[in-house]
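Residue strings, one per chain:
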4 protein chains.
Amino acid sequence: MPASPSRRSDRARTAVLDAALALVVEVPYARLTMEAIAGRAGVSKATLYRWWTSKGEVVVEALAEQNRQQSAYALPDTGDLRTDLGAVLRAIVDELADPTYDALLRALSVETLLDPRLRDQVLETIFRPQLATFADRFAVAREAGQIGDVDPLEAMELFVAPVFHRWQQGTAPLTHAYADRVAARAVKALDMRSS
Amino acid sequence: MPASPSRRSDRARTAVLDAALALVVEVPYARLTMEAIAGRAGVSKATLYRWWTSKGEVVVEALAEQNRQQSAYALPDTGDLRTDLGAVLRAIVDELADPTYDALLRALSVETLLDPRLRDQVLETIFRPQLATFADRFAVAREAGQIGDVDPLEAMELFVAPVFHRWQQGTAPLTHAYADRVAARAVKALDMRSS
Amino acid sequence: MPASPSRRSDRARTAVLDAALALVVEVPYARLTMEAIAGRAGVSKATLYRWWTSKGEVVVEALAEQNRQQSAYALPDTGDLRTDLGAVLRAIVDELADPTYDALLRALSVETLLDPRLRDQVLETIFRPQLATFADRFAVAREAGQIGDVDPLEAMELFVAPVFHRWQQGTAPLTHAYADRVAARAVKALDMRSS
Amino acid sequence: MPASPSRRSDRARTAVLDAALALVVEVPYARLTMEAIAGRAGVSKATLYRWWTSKGEVVVEALAEQNRQQSAYALPDTGDLRTDLGAVLRAIVDELADPTYDALLRALSVETLLDPRLRDQVLETIFRPQLATFADRFAVAREAGQIGDVDPLEAMELFVAPVFHRWQQGTAPLTHAYADRVAARAVKALDMRSS
DNA sequence: TTGTAAACGAGACGGTACGTCTCGTCTTAAT
DNA sequence: ATTAAGACGAGACGTACCGTCTCGTTTACAA
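Digging into the interface of chain B and chain A
For step 1, the next point in the chain: Tallying the contact residues gives 39 residues for chain B and 39 residues for chain A.
For step 2, the next point in the chain: Buried area between chain B and chain A, both sides added, is near 3600 Å², and the carbon and sulfur share of it is 60%.
For step 3, the next point in the chain: Counting the surface chain B buries against chain A, the share from its top three residues, B:L113, B:R185 and B:K188, is 20%.
For step 4, the next point in the chain: Scanning the region where chain B abuts chain A turns up 6 salt bridges.
For step 5, the next point in the chain: Joining chain B to chain A, the criterion identifies 17 residue pairs in polar contact (both at pLDDT 80 or more).
For step 6, the next point in the chain: When contributions to the side of chain B that touches chain A are tallied by element, the ones reaching two or more residues are α6 (99-114), α7 (116-143), α8 (152-169) and α9 (176-189) of chain B.
For step 7, the next point in the chain: Examining the composition of the side of chain B that touches chain A, we find that 13 residues originate from one element, α8(B), more than from any other.
For step 8, the next point in the chain: Here the side of chain B that touches chain A is composed, by residue class, of 18 nonpolar, 9 polar and 12 charged.

Below you can see the structure in the form of structure tokens.
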């Protein structure tokens, strides 16, 4: 028996991730420091650096953890894809309007933009599970003859990209009406009758 | 009218903006510093801070300047919107594959995500001119009966957002074929026959 | 023209040296830190490290500076070498009994023991001036026929070494009587009638 | 009876003392760490701190141990004190020229300067045995009428202090000739004919 | 022979200080 | 009068050790 190889403290891990989530919301992301995370978590810097090499890593892991604890949600299914995805996009719009979620997502996006390693990690731990729920709903719609045969990733992008793009660029207000229009157009784009 | 209200040195300004562009490409953006910009530009830090308060400001102004110097380009017009926008998206895909452009755009996106002031500035100086060229092409397509009556901003987002989203998230390879599929679906979504 | 290559702040230099002297007395030398010196001096660590590379360097410079400001003192000259050097050794014994001087000299000795560079510096700035005053007094005694022809350095060592040795080793109490005995023996050792 | 309160591992003790001696020679004393001693000895830090509270303690004990194993040596006795002590001082000069002994003695001196507890320990375990051998030789010389009645400690200091002082201060080279001159002068200082 | 209790190695932990870096301001010397 | 050069106070960076504290695992005495 190799016996317990690691004595990593769960208390420290949890404290760090909690502190990171709290600080990302409180402090402009550019001013968030490892020092502050360690301080807030009541953890030594050595411990912090032993397990994470940058604030980005901490934040990504914290968000992944948070994501994992929210039980995987299924997309609504009223029978009409356009209605259902309109609802999903409205929910996303609402989330983006929440300053907390806004701050978290901006932090995540910055790290994702600058570090390919974190990009991959976010893909695996956060994006892929969400894609799976979209894929399920698309499969149903496909069998109902509402859409053609389409790559679920591309389909998902068709729906969500415009909303996130507008959020990120701030080109125009993000409203429920906009969410509905995006959903309507995307469904039309995926219609059977087409190339 | 020169109107030059200040005695600001154009030499210094140009040197700073050039240095910033060069460094954004050479150095991981997180490690780009005001110190390095000043050094590379042969400008004192005092001068640098007199006119810009952060590396983000410098970078945004540098990119805006560069953008301004590229004469406003019109979108191609072969008569078929899908073909034309497919070509545009392919061109964007090619640019995104260029490490230089990639680095510049990641830097711009980071600042845009974190600083609303810079977000607005990018909107005015970079985004809006590009939107105008799209709007022109959409107007022609509208008169040709190829698309319905649609907000040009929303239409543009429908085309470009999926491409930029995939670039930013790295969800899957960015190919010409993908650009074509996005263009095809977006055109279909804008088809006359619709809500 | 020296062209003054440095814009070194005298305020910072003085503050650091003062802080160092104060702390050497307050804090056990092993626990004296650059951090504390910087803090006490109201100086940034960067400034501290720009000009000194270790606490030893700071302390040695501080003591050299202090030494320089005390005007070079001449040894007493009553005509009798034994009496005069007895008085000097008594004065040294008194100084060594002063906790402040004791702490300073222990710090100096530690650095001197461990760093040849600092050893040389102490030699030049602190030891050599003191040797000169001894040498002058020895020259007078030589001409008065009280001692033979002797290397002033060796003569000085003969007087002071036993006292400092006993101070450092703590072998027995340091008293005025002991100082007198050492002076008496040393004078006898230097007597004319000799090898 | 609880009796045997400790099952202290002799292997660990020996390994630590050996490691300490090795490291004192290899590493500048200021950079010698408990961590390194534990590592070199193949001993856990807990074990190290269980039995010693500082590197100084380890080093002093290691040197005391080493000293104990060298059988107590008597001073030479040719009948002439000056010759004999000249030989002893020459031997000391030779030892001080040995980098290993130099490093060990500097370490010892530093601890002795800074920690009164260790100072006393060194006095008991290292200094006092050496003093005893000097005292024996002085007693013989006293009976032979070569010197007067003198405190052996003061006599010993008279001989060795100048040599150690010169070693510590680096004021001038330590040579056999210097050793002889010191011995000659000290013997003269202890001569019967005097106060 | 088997408990059992202390010592052991390994190494994570909360800390302190290290020595370096960047920031944004301020001073200086030389135009 | 403006500028480069760069020193400055502030404080975060990531590392090294500190001394303490679990952890299992020997080890050796006592039952």
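Past the structure itself, the notes keep going.
Concerning the relation of the copies chain D and chain C
For step 1, the next point in the chain: The two copies are related by a screw operation: chain D maps onto chain C through 179 degrees of rotation and 0.1 Å of translation along the axis, at an RMSD of 0.1 Å. Look at the turn and shift together and you get a two-fold axis relating the two. Measuring from the rotation axis to each C-alpha of chain D, the shortest distance belongs to D:A189, at 2.2 Å.
For step 2, the next point in the chain: Taken as a fraction of all interface residues of chain D, those also at the interface in chain C reach 95%, which identifies the copy contact as same-surface.

Examining the arrangement of the chains
For step 1, the next point in the chain: You won't find any contact between chain A and chain C; their C-alpha atoms come no closer than 17 Å.
For step 2, the next point in the chain: Between chain B and chain D there is no contact, and the shortest C-alpha to C-alpha distance separating them is 32 Å.

Focus on the protein's contact with DNA strand E
For step 1, the next point in the chain: Neighbouring residues of DNA strand E: 34 residues in total, closest A:W51, B:K45, C:E35, C:Y49 and D:R7.
For step 2, the next point in the chain: For DNA strand E, the backbone makes up 64% of the atoms found within 4 Å of the protein, where backbone means sugar plus phosphate.
For step 3, the next point in the chain: Take A:S44: an N or O atom from its side chain is 3.0 Å from a base nitrogen of DNA strand E.
For step 4, the next point in the chain: One of the side-chain N or O atoms of C:R7 is found 3.4 Å from a base oxygen in DNA strand E.
For step 5, the next point in the chain: For the surface near DNA strand E, the elements supplying multiple residues, two or more each, are α3 (45-51) of chain A, α2 (34-41) and α3 (45-51) of chain B, α2 (34-41) and α3 (45-51) of chain C together with α1 (10-26) and α3 (45-51) of chain D.

Looking at the domain arrangement of chain A
All names here are of chain A.
For step 1, the next point in the chain: The domains assigned to chain A are domain 1 (10-68) and domain 2 (71-189).
For step 2, the next point in the chain: Measuring from the centre of the C-alpha atoms in domain 1 to the corresponding centre in domain 2 gives 27 Å.
For step 3, the next point in the chain: Taking both partners together, domain 1 and domain 2 bury about 1200 Å²; carbon and sulfur atoms supply 71% of that area.
For step 4, the next point in the chain: Linking domain 1 with domain 2 are 1 salt bridge, by the criterion used here.
For step 5, the next point in the chain: Two residues, E57 and R117, come together in a salt bridge whose shortest N-O distance is 2.3 Å.
For step 6, the next point in the chain: Counting the contacts that link domain 1 with domain 2 gives 2 residue pairs in polar contact (both at pLDDT 80 or more).
For step 7, the next point in the chain: Where the side of domain 1 that touches domain 2 is concerned, the elements lending two or more residues are α1 (10-26) and α4 (55-69).
For step 8, the next point in the chain: Considering each element in turn, the side of domain 1 that touches domain 2 owes the most residues, 9 residues, to α4.
For step 9, the next point in the chain: When grouped by side-chain class, the residues that make up the side of domain 1 that touches domain 2 number 8 nonpolar, 4 polar and 2 charged.

A short note on the interface of chain D and chain C
By a widespread convention, an interface's size corresponds to the accessible area lost as its parts come together.
For step 1, the next point in the chain: Across the contact, 38 residues belong to chain D and 37 residues belong to chain C.
For step 2, the next point in the chain: Of the roughly 3600 Å² buried where chain D meets chain C, counting both sides, 60% is carbon and sulfur surface.
For step 3, the next point in the chain: Contact with chain C buries surface across chain D, with D:L113, D:R185 and D:K188 losing the most and accounting together for 19% of the total.
For step 4, the next point in the chain: Taken together, the links from chain D to chain C amount to 6 salt bridges.
For step 5, the next point in the chain: A salt bridge links D:E154 to C:R181, with the nearest nitrogen and oxygen atoms 2.5 Å apart.

Some details on the relation of the copies chain B and chain A
For step 1, the next point in the chain: With an RMSD of 0.1 Å, the fit of chain B onto chain A corresponds to turning through 180 degrees and sliding 0.0 Å along the axis.
For step 2, the next point in the chain: A symmetric contact is evident, with 100% of the interface residues of chain B recurring at the interface of chain A.

A look at the packing of helix α5 (residues 81-97) of chain D against helix α9 (residues 176-189) of chain D
Residues and elements named next belong to chain D.
For step 1, the next point in the chain: The contact between α5 and α9 brings their axes to 8 Å, and the two run at 140 degrees. What the angle tells us is that α5 and α9 run oblique. The handedness of the crossing between α5 and α9 is right-handed. Residues L81, R82, L85, G86, L89, R90, V93 and D94 of α5 touch α9, and the partners they reach there are H176, A179, D180, V182, A183, A184 and V187.
For step 2, the next point in the chain: Of the residues belonging to the contact of α5 with α9, the class tally is 9 nonpolar, 2 polar and 4 charged.

Re empty space enclosed by the protein
For step 1, the next point in the chain: The full count for this structure, using the stated rule, is 2 cavities of 30 Å³ or more.
For step 2, the next point in the chain: The space that makes up the largest cavity amounts to roughly 40 Å³.
For step 3, the next point in the chain: C:E154, C:L158, D:P162, D:Y178, D:V182 and D:R185 are the residues that line the largest cavity.
For step 4, the next point in the chain: For the lining of the largest cavity, the secondary structure elements donating two or more residues are α8 (152-169) of chain C together with α9 of chain D.
For step 5, the next point in the chain: Looking at the lining of the largest cavity, the element that brings in the most residues is α9(D), giving 3 residues.
For step 6, the next point in the chain: In terms of residue class, the lining of the largest cavity is made up of 4 nonpolar, no polar and 2 charged.
For step 7, the next point in the chain: Here the second largest cavity defines a volume of roughly 30 Å³.

A short note on the packing of aromatic side chains
For step 1, the next point in the chain: Applying the stated rule across the entire model yields 8 aromatic pairs over all chains.
For step 2, the next point in the chain: Measuring from ring centre to ring centre gives 6.0 Å for B:F134 and B:F138, while their planes differ by 45 degrees; the resulting arrangement is tilted. Taken as a pair, B:F134 and B:F138 lie in helix α7 at a separation of 4 residues, close to a single helical turn.
For step 3, the next point in the chain: Given the relative accessible area of 3%, B:F134 is considered buried.
For step 4, the next point in the chain: One aromatic cluster is present, formed by A:F134, A:F138 and A:F159 through successive ring pairs.
For step 5, the next point in the chain: Here the guanidinium or amino end of B:K55 rests over the ring plane of B:Y29, the centre of that ring lying 4.3 Å away.
For step 6, the next point in the chain: Seen from the ring of D:Y178, D:R166 lies directly overhead, with NZ or CZ sitting 3.7 Å from the centre.

What to know about the side chain of A:T133
Residues and elements named next belong to chain A.
For step 1, the next point in the chain: Note that T133 resides in helix α7 (residues 116-143).
For step 2, the next point in the chain: For T133, a relative accessible area of 12% puts it in the buried group.
For step 3, the next point in the chain: Excluding residues within four positions of it along the chain, T133 makes contact with Y73 and L75.

Side note on α9(D)
For step 1, the next point in the chain: In this model, α9(D) (14 residues) spans 20 Å end to end at C-alpha, consistent with the 20 Å of a helix rising 1.5 Å per residue.
For step 2, the next point in the chain: Among the 14 residues that make up α9(D), 10 are buried, leaving the element largely enclosed by the rest of the structure.
For step 3, the next point in the chain: Among the structural elements, α8 and α9 (176-189) of chain C together with α5 and α8 (152-169) of chain D are those in contact with the buried residues of α9(D).

With respect to the pattern of salt bridges
For step 1, the next point in the chain: If you walk through the whole model with that rule in mind, you get 64 salt bridges over all chains.
For step 2, the next point in the chain: The partner of C:R185 in a salt bridge is D:E154, and the shortest N-O contact between them spans 3.1 Å. Here the residue C:R185 occupies a position in helix α9, and D:E154 occupies one in helix α8, the pair thus bridging two chains. The pair formed by C:R185 and D:E154 is uniform in burial state, with each residue classed as buried.

Procedures and definitions
- The residue numbers shown here count from 1 along each chain, following its written sequence.
- Here chains are named by letter from A upward and ligands by number from 1 upward, in the order in which they appear as written.
- A pLDDT threshold of at least 70 governs which residues receive local features in this predicted model, and a stricter bar of 80 or more applies before side-chain atom pairs are shown or counted, although totals over entire chains, interfaces and linings include all residues.
- Think of the side-chain values as coming from all heavy atoms in the structure, minus any hydrogens and water.
- The contact definition used throughout considers only heavy atoms, calling two residues in contact when any of these lie within 4.5 Å.
- In this description, buried area is defined as the sum, over both parts, of the accessible area (probe of 1.4 Å) that is lost when the two are combined.
- A carboxyl oxygen of Asp or Glu within 4 Å of a side-chain nitrogen of Lys or Arg is what we treat as a salt bridge.
- We define a polar contact as two N or O atoms separated by no more than 3.5 Å, with the added condition that, inside protein, one atom must be a possible hydrogen donor and the other a possible acceptor, whereas residues neighbouring each other in sequence contribute only through side-chain atom pairs.
- Strands here are runs of E lasting at least two residues and helices are runs of H or I lasting at least four, both read from the DSSP assignment and numbered beginning at the N terminus.
- Side-chain classes are defined by residue name, with Ala, Val, Leu, Ile, Met, Phe, Trp, Tyr, Cys and Pro counting as nonpolar, Asp, Glu, Lys and Arg as charged, and the others, Gly among them, as polar.
- Copies overlap after least-squares fitting; the atoms used are the C-alpha atoms of residues with pLDDT of at least 70 in both.
- When we say a residue is near a molecule or strand, we mean one of its heavy atoms is within 4 Å of it.
- Either an automatic procedure or a domain database provided the assignment from which the domain bounds are taken.
- What counts as an axis is a line fitted to C-alpha atoms, over the stretch in contact for a helix, and the angles between N-to-C directions run from 0 to 180 degrees.
- Here the angle decides the label: under 35 degrees means roughly parallel, over 145 means roughly antiparallel, 65 to 115 means roughly perpendicular, and every other value means oblique.
- What makes a crossing left-handed is the near helix being turned counterclockwise from the far one by less than a right angle; a clockwise turn instead makes it right-handed.
- Grid points spaced at 1 Å and placed over the protein atoms alone form the basis of the search, with a cavity being a set where a 1.4 Å probe fits but cannot get out and a pocket an open set showing protein on both sides within 12 Å along at least five of seven lines. Lining residues have an atom within 4 Å of a point.
- Grid points are joined across faces, edges and corners, and a volume is the space filled by probe spheres set on the points.
- Under the pairing criterion, centres of Phe, Tyr and Trp rings, with the six-membered ring standing for Trp, must be within 6.5 Å; the plane angle then separates stacked pairs below 30 degrees from edge-to-face pairs above 60, leaving the rest tilted.
- Classification of residues uses two cut-offs on accessible area relative to the type maximum, computed with a 1.4 Å probe and protein chains only: under 20% is buried, over 50% is exposed, and between them is partly exposed.
- Remark: a charge is flagged as sitting over a ring if the NZ atom of Lys or the CZ atom of Arg is within 6 Å of the ring centre and within 35 degrees of the ring normal.
- In this scheme, a helix's expected span is set at 1.5 Å multiplied by one less than its residue total.

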